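In case you want the letters, here they are:
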Amino acid sequence: MNDSTITLPWLVIREDDNGNRYRVGRYATRAEAQKIADSLDGRGHKQLYWVERLAQNGPAAATHD
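Summarised in this report is the structure supplied together with it. Given the structure is predicted, the values throughout are model-derived calculations rather than measurements. (Residues numbered from 1 in each chain as written. Predicted model: local features only at pLDDT ≥ 70, side-chain atom pairs only at ≥ 80, totals over all residues. Heavy atoms only, no water.)

### Let's talk about the pairing of strand β1 (residues 10-15)
Step number 1: Among the six residues that make up β1, five are buried, leaving the element largely enclosed by the rest of the structure.
Step number 2: Between β1 and strand β2 (residues 21-27), which pair antiparallel in sequence order, lie five residues; one of them, G19, sits at a positive phi of approximately 85°.
Step number 3: Bridge count for β1 against strand β3 (residues 48-53) is six bridges, and the pairing is antiparallel. In the strand pairing of β3, L11 is matched with E52. (Buried < 20%, exposed > 50% of the residue type's maximum accessible area, 1.4 Å probe, protein only. Helix = DSSP H or I, 4+ residues; strand = E, 2+ residues; numbered from the N terminus. Pairing = 2+ DSSP bridges.)

### A word on the nonpolar core
Step number 1: Membership of the largest hydrophobic core is limited to eight residues, which are W10, V12, Y27, A33, A37, L40, Y49 and V51.
Step number 2: Going through the elements one at a time, β1, α2 (30-41) and β3 are the ones with two or more residues in this core.
Step number 3: Of the residues forming this core, the biggest block, three residues, is contributed by α2.
Step number 4: With near-sequence residues (within four places) excluded, Y49 lies in contact with V12, I13, R14, V24, A37, L40 and D41. (Core = buried A, V, L, I, M, F, W, Y, C linked by side-chain atoms within 4.5 Å. Contact = heavy atoms within 4.5 Å.)

### Re the pattern of salt bridges
Step number 1: Evaluation of the coordinates by the stated rule reveals one salt bridge.
Step number 2: For E15, the salt bridge identified is with R21, shortest N-O distance 2.8 Å.
Step number 3: Given the relative accessible area of 17%, E15 is considered buried.
Step number 4: The class of R21 is exposed, set by a relative accessible area of 57%. (Salt bridge = Lys/Arg side-chain N within 4 Å of Asp/Glu carboxyl O.)

See the structure below:
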């Protein structure tokens, strides 16, 4: 695990209308990531945005609200 994984554990994920998922960015805090996800979601496009936290030893854990 590198330093950026530890200091930027929060991800914003986008899913398009075809079910493809993409990492939009990595952030230091959940609040920062949620602000970005809300901003992108508020643009009215059909994509879904959500926040996930990187697990210490494994895949990201979803934090859908």
